[in-house]
Amino acid sequence: MNKVPSPGAGSTLVVKPHLSFWEIWNMSFGFLGIQFGFALQNANVSRIFETLGAEVEAIPILWVAAPITGLLVQPIIGYLSDRTWNRLGRRRPYFLIGAILASIALFIMPNSPVLWVAAGMLWILDASINISMEPFRAFVGDNLPSEQRTSGFAMQSFFIGTGAVVASLLPYMLTEWFGVSNTAPEGIVPDSVKWSFYLGGIVFFLAVLWTVMRSKEYSPEEMAQFEDNAEREEFAKELKTPAAYAENGKKQMRLGGILLLIGAALTFWFINQNLTQDLFILSFGIAFVGILMIISGLLQVNGRYDNGYVTIINDFQDMPLTMKQLAGVQFFSWFALFSMWIYTTAAVTSSIFGTTDTTSALYNEGANWVGVCFAVYNGVAALVAFLLPVLAKKTSRKQAHAISLVLGALGLASIFIIQNHYLLLLSMIGVGIAWASILSMPYAILTGSLPPSKMGYYMGVFNFFIVIPQIVAAAILGFFVAKLFSGQAIYALLIGGASLILAAVLTLRVHDKDDVATS
């Protein structure tokens, strides 16, 4: 297993230097472009799917390729970037590769001729965004000392919010300010959406290129000299002997077998009860994890443990305590966000604008207003991003995050009782505060518990607790909306509000190793 080089004989550990405001700005600027792509995807993909003929209860299953892609891509990219060092550095090569692929996907997606092509392009787009995004989280842990990490992730939140504001507003601005058509014949995506995606592709590439060209990275030798890194390296767990690997392999085989049986039993029950096929995502997912564990166990029992696959599975098994505690917080936070991204367009157009006709001007006006709402919550996130470190310093990072999540829950749930679409902007204030905190506080808390030699990998694994709730949401929200709520999408937003409350409660039990160092 690769480790960060140890200091040479007689070497003295040094304190990691503080970076200036503009150095943190440059290393975070690429997130402006990443969020352009992410926001265009979140605000418009359901609209594209409905335009191409998808029924509202089928939309979650069409989204599921995106989180599954993240589940696979992020830990692999993190693992590879931990072991990369070339002319561009450790993380920056992946920033650039992802930006190129995502920009191409943004140009192609709104021109999809049929629904299955659009779903496939969502898969490619999300994979490309993940390739760029995952190393950015590790980038902060690599470059900033403990007392600057909260501010570093807050800077990322600022650019995420700023990029999302403009990206979410693009269809509205192109229509209202430049006269670009906001309607189109049945089965055709309007020009306002197409041109938004084209502009997004350009901004994505240029913003990431700025970070690649204007930031630096520490070499492996420099990283090994930092005192903070040496302290955190104690969290890197390794099995030492063939016997230890064999015993660990047996445990993984037993656990994998249990998960495989549970997945198979659930699948049989879903089929027997004639339940919606969306639920198969859950049962197949559980069975698939079981198979992965069995394979890893077999490899270790047979002495074939010196490979990346076994390392990835074992490191997941041995994740730090703080990371395990944050897993529940992330799960319920992102379940709520995914319910919002999937169902806000359908909820607002049907419950407030009073139409489900995707070819009507009223529907497209409502869909554009959702873009405005998304722009508002992202704008709020950008504005409060730098206030969160202040709140965290006066209270704690855990308390600041819990407060933010409760405000988000109130904002999301309030949509249920709103009839005037202008009042939705007030709801988005609470959502924006929660969004700013979700993008910064969990990462700031997590980084202090991660070994530097596995920073990229564990940041990728942390994405599991963003992706898994999205898969669960895709599996069950369509079922709930169709079977329990008679197709009324607004109820999915109420579920999201309750999920944020639960995330806030779980936040208070997290152990933050260096909370006193917030700044």
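Residues numbered from 1 in each chain as written. Predicted model: local features only at pLDDT ≥ 70, side-chain atom pairs only at ≥ 80, totals over all residues. Heavy atoms only, no water.

We now examine the overall build of the protein. A tally of helices and strands in the protein yields 22 helices and zero strands. Its C-alpha radius of gyration of 23 Å places the protein within 12% of the 24 Å reference for a compact globule of 519 residues. Oriented by its inertia axes, the alpha-carbon framework of the protein measures out at about 75 × 55 × 40 Å. Residues counted as buried form 59% of the 519 residues belonging to the protein. Here the protein has roughly 20100 Å² of accessible surface; of this, 67% comes from carbon and sulfur atoms. (Helix = DSSP H or I, 4+ residues; strand = E, 2+ residues; numbered from the N terminus. Rg over C-alpha atoms; globule rule 2.2 N^0.38 Å. Buried < 20%, exposed > 50% of the residue type's maximum accessible area, 1.4 Å probe, protein only. Areas by Shrake-Rupley, 256 points an atom, 1.4 Å probe, with all protein chains shown as cover.)

Let's shift gears to the side chain of Gln-252. In this structure, Gln-252 sits in helix α11 (residues 242–272). In this structure Gln-252 touches Met-293, Ile-294, Ser-296, Gly-297, Gln-300, Ile-313, Asn-314 and Gln-317, once residues within four positions along its chain are discounted. (Contact = heavy atoms within 4.5 Å.)

Along the chain, Thr-12 turns up in the segment before α1 (21–28). Sequence-wise, Thr-12 and Leu-32 are 20 residues apart; in three dimensions their C-alpha atoms are separated by 38 Å.

Tallied over the entire structure, the rule returns 33 aromatic pairs. Centre to centre, the rings of Phe-21 and Trp-22 are 5.0 Å apart; their planes meet at 90°, and the pair counts as edge-to-face. The class of Phe-21 is partly exposed, set by a relative accessible area of 46%. Residue classification places Trp-22 among the exposed positions, given a relative accessible area of 53%. (Phe/Tyr/Trp six-rings, centres within 6.5 Å; stacked < 30°, edge-to-face > 60°.)

Moving on, we come to the packing of helix α2 (residues 30–51) against helix α6 (residues 115–143). How two helices sit against one another is set out by the angle between their axes and by the gap between those axes. The contact between α2 and α6 brings their axes to 10 Å, and the two run at 155°. Relative to α6, α2 is oriented roughly antiparallel. Both α2 and α6 take part in a crossing whose hand is left-handed. Between α2 and α6, the contacting residues are Gly-30, Phe-31, Ile-34, Gly-37, Phe-38, Gln-41, Val-45, Ile-48 and Phe-49 on the first element and Leu-115, Ala-118, Ala-119, Leu-122, Leu-125, Asp-126, Ile-129, Ser-132, Met-133, Phe-136 and Arg-137 on the second. Looking at the contact of α2 with α6 residue by residue, the class counts come to 14 nonpolar, four polar and two charged. (Axes fitted to C-alpha atoms, helices over the stretch in contact; angles between N-to-C directions. Parallel < 35°, antiparallel > 145°, perpendicular 65-115°, else oblique. Left-handed = near helix turned anticlockwise from the far one by under 90°. Nonpolar A, V, L, I, M, F, W, Y, C, P; charged D, E, K, R; others polar.)

Mean pLDDT for the protein: 83, with 91% of residues reaching 70 or above. The least confident element of the protein, judged by mean pLDDT, is helix α3 (residues 59–63) at 60; the most confident is α1 at 93. Here residues 1–10 scores under 50 on pLDDT; set against residues more than four positions off or in separate chains, the count is 23 contacts. (pLDDT = per-residue confidence, 0-100.)

Attention now moves to helix α5 (residues 92–108). Over its 17 residues, α5 runs 25 Å from end to end, which matches the ideal 24 Å to within 8%, given 1.5 Å per residue. Listing the buried residues of α5 in full gives Arg-92, Pro-93, Tyr-94, Phe-95, Leu-96, Gly-98, Ala-99, Ala-102, Ser-103, Ala-105 and Leu-106. (Expected span 1.5 Å × (residues − 1).)

Three or four residues apart is the spacing at which side chains of an α-helix point the same way, because the helix has 3.6 residues per turn. Taking 1.5 Å of rise per residue, 31 residues should cover 45 Å, and helix α14 (residues 321–351) covers 43 Å from first to last C-alpha, within 8% of that figure. Along α14, the helix axis deviates most sharply at Tyr-343, where the bend reaches about 55°. Here α14 lies mainly inside the structure; 24 of its 31 residues are buried. (Bend = angle between axes of the 7 residues up to and from the residue.)

Further remarks concern the environment of Val-461. Relative to the helices and strands, Val-461 is located in helix α20 (residues 455–462). Taking the relative accessible area as the measure of exposure, Val-461 reaches 0% and is therefore buried. Separated by 386 residues in the primary sequence, Val-461 and Pro-75 place their C-alpha atoms 5.2 Å from one another. In contact with Val-461, not counting residues within four places along its chain, are Pro-75, Phe-316, Met-319 and Met-323.

Here the focus is the packing of α14 against helix α21 (residues 464–484). Contact pair α14 / α21: the axes reach a minimum separation of 8 Å and the direction vectors enclose 45°. The orientation of α14 relative to α21 falls into the category oblique. The chirality of how α14 crosses α21 is right-handed. Where α14 abuts α21, its residues Met-323, Ala-327, Gln-330, Phe-331, Trp-334, Phe-335, Phe-338, Ser-339 and Tyr-343 lie against Phe-465, Ile-466, Ile-468, Pro-469, Gln-470, Val-472, Ala-473, Ala-474, Ile-476, Leu-477, Gly-478 and Val-481. Along the lines of polarity and charge, the residues of the contact of α14 with α21 split into 17 nonpolar, four polar and no charged.

Applying the stated criterion across every chain, the model contains five salt bridges. Between Arg-91 and Asp-142 there is a salt bridge, and its shortest N-O distance comes to 2.7 Å. Note that Arg-91 is positioned in the loop between α4 (65–82) and α5 and Asp-142 in helix α6, a separation of 51 residues in sequence. For the pair Arg-91 and Asp-142, a shared accessibility class is recorded, and that class is buried. Among the ionic contacts, a cluster of salt bridges with common partners joins Asp-82, Arg-91 and Asp-142. (Salt bridge = Lys/Arg side-chain N within 4 Å of Asp/Glu carboxyl O.)

What follows covers the nonpolar core. Where a protein is soluble and globular, its nonpolar side chains tend to be buried together. Counting 140 residues, the largest nonpolar core has Met-323, Met-340, Trp-341 and Trp-435 as its most contacted members. Considering every element that reaches this core, the biggest residue donor is α14, with 16 residues. In this structure, Met-340 is in contact with Phe-374, Tyr-377, Leu-412, Val-431 and Leu-493, ignoring residues within four places of it in sequence. If you look at the next biggest cluster of nonpolar residues, it comprises five residues, including Val-73, Ile-77, Tyr-94 and Ala-127. (Core = buried A, V, L, I, M, F, W, Y, C linked by side-chain atoms within 4.5 Å.)

This next bit is on a nonpolar patch on the surface. Taken together, the side chains of Ile-100, Ile-104, Phe-107, Ile-108, Leu-199, Ile-202 and Leu-206 present a nonpolar region at the surface, about 590 Å² in accessible area. Mapped onto the nonpolar patch, the elements with two or more residues apiece are α5 and α8 (191–214). Counting residues per element, the nonpolar patch draws most heavily on α5, at four residues. Residue position: Leu-206 is located in helix α8. (Patch = residues over 30% accessible without salt bridge, like charges linked within 9 Å, V, L, I, M, F, W, Y side chains within 5 Å.)

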